[in-house]
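Below, each chain spelled out in residue letters.
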Amino acid sequence: DQQVKQNSPSLSVQEGRISILNCDYTNSMFDYFLWYKKYPAEGPTFLISISSIKDKNEDGRFTVFLNKSAKHLSLHIVPSQPGDSAVYFCAASEDSGYALNFGKGTSLLVTP
Amino acid sequence: DTAVSQTPKYLVTQMGNDKSIKCEQNLGHDTMYWYKQDSKKFLKIMFSYNNKELIINETVPNRFSPKSPDKAHLNLHINSLELGDSAVYFCASSQLAGPTEAFFGQGTRLTVV
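Residues numbered from 1 in each chain as written. Chains lettered and ligands numbered in written order. Predicted model: local features only at pLDDT ≥ 70, side-chain atom pairs only at ≥ 80, totals over all residues. Heavy atoms only, no water.

## A short note on the packing of aromatic side chains
Spelled out, the test is: Pairing of aromatic side chains here covers Phe, Tyr and the six-membered ring of Trp, requires ring centres within 6.5 Å, and sorts the geometry by plane angle: under 30 degrees stacked, over 60 edge-to-face, intermediate tilted. A run of DSSP states H or I qualifies as a helix once it reaches four residues; a run of E qualifies as a strand once it reaches two. Both are numbered from the N-terminal end. A 1.4 Å probe rolled over the protein chains alone gives each residue an accessible area, and that area as a share of the maximum for its type sets the label: buried under 20%, exposed over 50%, partly exposed in between.
Under the defined criterion, the tally for this structure stands at 12 aromatic pairs over all chains. With 5.3 Å between their ring centres and 50° between their planes, tyrosine 35 of chain B and phenylalanine 104 of chain B make a pair best called tilted. In this pair, tyrosine 35 of chain B is assigned in strand β4 (residues 31-37) and phenylalanine 104 of chain B in strand β10 (residues 103-104), connecting sequence segments 69 residues apart. With respect to burial, tyrosine 35 of chain B and phenylalanine 104 of chain B carry one shared label: buried. Aromatic pair phenylalanine 90 of chain B and phenylalanine 104 of chain B: ring centres 6.4 Å apart, planes at 80°, arrangement edge-to-face. Of this pair, phenylalanine 90 of chain B sits in strand β9 (residues 87-94) while phenylalanine 104 of chain B sits in strand β10; the two residues are 14 residues apart in sequence, bridging distant segments of the chain. Under the relative-accessibility criterion, phenylalanine 90 of chain B is labelled buried at 1%. Linked through ring pairs, Tyr36, Phe46, Phe89 and Phe102 of chain A together with Tyr33, Tyr35, Phe90 and Phe104 of chain B together constitute an aromatic cluster.

Written out as structure tokens, the structure reads:
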């Protein structure tokens, strides 16, 4: 059973515009959420996280929004750059859990 | 200076063979993990070790046996390889067991023929 869902397998955005990647989850026990970025033939690299006590966390061009009532989070990248082209994985974990539950990923392409 | 390193990066082997994937982290982390990314691109936890002790063992066939000689290493040994074991295996580590970001290795692409 897939507890973290990324329903958009791909997204194409023009350079300079905003990229919005979405993620939904089903487990109400999740209270820590992360976004990972992955380039081909490399492991995922941590990008940004948010705990359930917040609804927004910002780090430079990257902002993650959490809507607990909707069990939804999103990653905003502003402005998007060609180097942002990668697969983005949403992940979640429970406070007492040790493992991350990942979505299937969204492939972002930022075109010049 | 790679933080989490796995070897080999690629592994092609025949059904029925036994193989190992090695993982080392130089971050001083207490917790290490093995994840599997299957053909559908799902990244799923397989095992987690905290200070050399097994703390998570998901429903993985017992042909898969993790071994942690010390807290900087978590190797994955697979016996009697099957076609369905073909996947990319990622090692990861984190500072704490619990909700925190994990650092991943580059992955090992295992192909069983």
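Structure's up, so let's keep going.
## Digging into the sheet that holds strand β1 (residues 4-7) of chain B
Residues and elements named next belong to chain B. Going by this rule: By this definition, two strands are paired if DSSP reports at least two bridges between them. Only the stretch in contact is used when a helix axis is fitted, and all axes are lines through C-alpha atoms; the angle between N-to-C directions ranges over 0 to 180 degrees.
Strand order in the open sheet formed by 4 strands is β1-β3-β8-β7, with antiparallel pairing between adjacent strands. The open sheet has two edge strands, β1 and β7 (64-70), and neither has a second partner. For this sheet the average axis-to-axis angle between neighbouring strands, irrespective of direction, equals 20°. Sheet topology places β1 next to strand β3 (residues 19-25); 4 bridges connect them, and they run antiparallel. Pairing of threonine 7 across the sheet is with lysine 22, part of β3.

## Some thoughts on the interface of chain A and chain B
The test is simple: Here, two residues are considered to be in contact whenever any of their heavy atoms come within 4.5 Å of each other. Buried area: the sum, over both parts, of the accessible surface (1.4 Å probe) that disappears when the two are put together. Here, a salt bridge means any side-chain nitrogen of Lys or Arg that lies within 4 Å of a carboxyl oxygen of Asp or Glu. Two N or O atoms count as a polar contact when they lie within 3.5 Å, although within protein this holds only if one can serve as hydrogen donor and the other as acceptor, and sequence-adjacent residues are included solely when both atoms are side-chain atoms. Think of it as three bins: nonpolar holds Ala, Val, Leu, Ile, Met, Phe, Trp, Tyr, Cys and Pro, charged holds Asp, Glu, Lys and Arg, and polar takes everything else, Gly as well.
If you look at the interface, chain A gives 20 residues, while chain B gives 22 residues. Both sides of the chain A and chain B interface together cover about 1,700 Å² of buried area, and 66% of this is carbon and sulfur. Along the contact surface separating chain A from chain B lie 0 salt bridges. Our enumeration of links across chain A and chain B arrives at 4 residue pairs in polar contact (both at pLDDT 80 or more). Those elements giving two or more residues to the side of chain A that touches chain B turn out to be β4 (30-38) and β9 (86-94) of chain A. Residue contributions to the side of chain A that touches chain B peak at 4 residues, all from β4 of chain A. When grouped by side-chain class, the residues that make up the side of chain A that touches chain B number 11 nonpolar, 4 polar and 5 charged.

## A closer look at the confidence of the model for chain B
Basically, it comes down to this: pLDDT: the predictor's confidence for each residue, scored from 0 to 100.
Counting all residues, the mean pLDDT for chain B is 89, and 96% of those residues have values of 70 or more. Within chain B, the lowest mean pLDDT, 78, falls on strand β6 (residues 53-57) of chain B, and the highest, 97, falls on β3 of chain B.

## Some thoughts on the state of the cysteines
What counts is decided by this rule: We call a pair of cysteine sulfur atoms a disulfide when they lie within 2.5 Å.
Scanning the entire structure with this criterion turns up 2 disulfides over all chains. Note on cysteine connectivity: cysteine 23 of chain A is disulfide-linked to cysteine 90 of chain A, with sulfurs 2.0 Å apart. Between cysteine 23 of chain A and cysteine 90 of chain A, the S-S dihedral sits near -75°, and the bridge is therefore left-handed. Linking cysteine 23 of chain A in strand β3 (residues 19-25) with cysteine 90 of chain A in strand β9, this pair joins segments that are 67 residues apart in sequence. Take cysteine 90 of chain A: its relative accessible area is 1%, and that puts it in the buried class. Between the sulfur atoms of cysteine 23 of chain B and its disulfide partner cysteine 91 of chain B the distance amounts to 1.8 Å. Disulfide cysteine 23 of chain B-cysteine 91 of chain B: the torsion about the S-S bond is -75°, which places it as left-handed.

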